[in-house]
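Chain and residue survey
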Amino acid sequence: QRYNFKQRFNIQTSYFTGLMQKSVIFPTKTATSFVKLNAADFSDLTAFTVCLRAASEENHDYALFSYATKKSHNELLIWQKSNAQLDLYLGSVITGFSLPKMDAWLRHICMSWESQNGEITAWVNGRRSLTNVSSKGGVVKNGGQFILGQEQDTVGGKFDIEQSFVGEITDVNMWDRALKPYEIKFISQGCYNIGGNLIDCGSTIFTTEGNVIIKDNNDCTL
Ligand SMILES: *[C@@H]1O[C@H](CO)[C@@H](O)[C@H](O)[C@H]1NC(C)=O
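Below is a short write-up of the structure. Not measured: the values here are computed from a predicted model. (Residues numbered from 1 in each chain as written. Predicted model: local features only at pLDDT ≥ 70, side-chain atom pairs only at ≥ 80, totals over all residues. Heavy atoms only, no water.)

**Looking at the site of the ligand**
In the vicinity of the ligand, the residues found are Ile94, Thr95, Gly96, Leu130 and Asn132. Backbone polar atom of glycine 96 to an oxygen atom of the ligand: 2.8 Å apart, as the coordinates give it. With respect to the ligand, the side chain of asparagine 132 contributes an N or O atom lying 2.3 Å from an oxygen atom. Here the ligand loses 42% of its free accessible area of 360 Å² to cover by the protein chains. Ranked by residue count, the leading element in the shell around the ligand is strand β8 (residues 93–98), at three residues. Across the shell around the ligand, the residue classes tally to two nonpolar, three polar and no charged. (Near = heavy atom within 4 Å. Polar contact = N/O pair within 3.5 Å; in protein donor to acceptor, adjacent residues only side chain to side chain. Areas by Shrake-Rupley, 256 points an atom, 1.4 Å probe, with all protein chains shown as cover. Helix = DSSP H or I, 4+ residues; strand = E, 2+ residues; numbered from the N terminus. Nonpolar A, V, L, I, M, F, W, Y, C, P; charged D, E, K, R; others polar.)

Below, the structure written as structure tokens:
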């Protein structure tokens, strides 16, 4: 019997339309497990907010959210460092925030940026960081690939096991604007059914590949 590559390595692909009240679990370090997000089409961005809920007990650096274009594999990367710093990469420009170390508690994390003043803000559980100023006048280019669980060194690939995410992610949303503080506070409390206009955890198509578990989290079920 002949097997194709995916059968041989037991790589499973599954599709989900929306992951409302579902968690994505990456149980082990791999270079083959990931989730692709089919974001809505957009023109080059001059602002965004990315929000997600995540928990991890790993002690290596890993990607929480990776967006790669052909020209720039770190076009938009949210990067958690083992020393607790949370970095936002906008191409080659890195802005770091010193925040409490990741742990087993699911925390709501957002990063927002707007080009006009170059303001970057990190949010944890609705609480705002100081605002850093970076990438003023820049854009985030369209036409790239969004991936959870891995850091892309090429569009959709070249993953490094040592940079893979282990833990749980849910409530991934992305907007093409910097949300207001009160909006983030509200969303961080969960269960309000407000999705992003670029990535909407309720309707975006999520493709999982490899050892990825999708589980009802019942966070909002009475
Ligand atoms: C902004 O980020 C850079 C890079 O991480 C850092 O060196 C700088 O201290 C930060 N500025 C503020 C005001 O936090």
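**Considerations on the side chain of serine 115**
For serine 115, the location among the structural elements is in the loop between β9 (107–114) and β10 (119–124). Beyond its immediate sequence surroundings of up to four residues, serine 115 is in contact with Thr46, Ser135, Lys136, Gly137 and Gly138. (Contact = heavy atoms within 4.5 Å.)

**Looking at the sheet that holds strand β6 (residues 76–80)**
The sheet built from eight strands is open, its strands ordered β1-β14-β3-β12-β5-β6-β7-β8 with antiparallel pairing. In this open sheet, the two edge strands, each paired with only one partner strand, are β1 (13–17) and β8. Neighbouring strand axes in the sheet, compared pairwise and without regard to direction, differ in orientation by 20° on average. Strand direction decides the pairing type here: strand β5 (residues 62–68) and strand β12 (residues 145–148), joined by three bridges, are antiparallel. Bridging from a neighbouring strand, serine 66 pairs with isoleucine 147 of β12. (Pairing = 2+ DSSP bridges. Axes fitted to C-alpha atoms, helices over the stretch in contact; angles between N-to-C directions.)

**Description of the packing of aromatic side chains**
The description of two aromatic rings rests on the distance between their centres and on the angle between their planes. Applying the stated criterion to the full structure yields eight aromatic pairs. With a centroid separation of 5.2 Å and an interplanar angle of 55°, the aromatic rings of phenylalanine 34 and phenylalanine 159 are classed as tilted. One end of the pair, phenylalanine 34, is in strand β3 (residues 34–38); the other, phenylalanine 159, is in the loop between β12 and β13 (167–175), with 125 residues separating them in the sequence. One aromatic cluster in this structure is built from Phe42, Phe65, Tyr67 and Phe146. (Phe/Tyr/Trp six-rings, centres within 6.5 Å; stacked < 30°, edge-to-face > 60°.)

**Quick word on the environment of threonine 46**
Note that threonine 46 resides in the loop between β3 and β4 (47–55). Here the alpha-carbon distance between threonine 46 and glutamine 163, two residues 117 residues apart in the chain, equals 28 Å. Discounting residues that sit within four places of it in the chain, threonine 46 has contacts with Trp113, Glu114, Ser115, Gly138 and Val139.

**A closer look at the pattern of salt bridges**
For the structure on display, the rule yields seven salt bridges. The closest approach of N and O atoms between glutamate 162 and lysine 29, which form a salt bridge, is 2.9 Å. One end of the pair, glutamate 162, is in the loop between β12 and β13; the other, lysine 29, is in the loop between β2 (22–26) and β3, with 133 residues separating them in the sequence. Overall, the relative accessible area of 42% leaves glutamate 162 in the partly exposed class. Looking at lysine 29, the relative accessible area reads 33%, which means it is partly exposed. Between lysine 81 and aspartate 87 there is a salt bridge whose closest N-O contact spans 3.9 Å. (Salt bridge = Lys/Arg side-chain N within 4 Å of Asp/Glu carboxyl O. Buried < 20%, exposed > 50% of the residue type's maximum accessible area, 1.4 Å probe, protein only.)

**Re the environment of asparagine 197**
Looking at the element boundaries, asparagine 197 is found in the loop between α2 (181–188) and β14 (205–209). Note on asparagine 197: relative accessible area 41%, which makes it partly exposed. The spacing of asparagine 197 and tryptophan 175 is 22 residues in sequence and 5.2 Å in space, taken between C-alpha atoms. Among residues more than four places away in sequence, those in contact with asparagine 197 are Ala40, Met174, Trp175 and Asp176. Within the local environment of asparagine 197, its side chain forms a polar contact with the side chain of aspartate 176, the two groups lying 3.0 Å apart.

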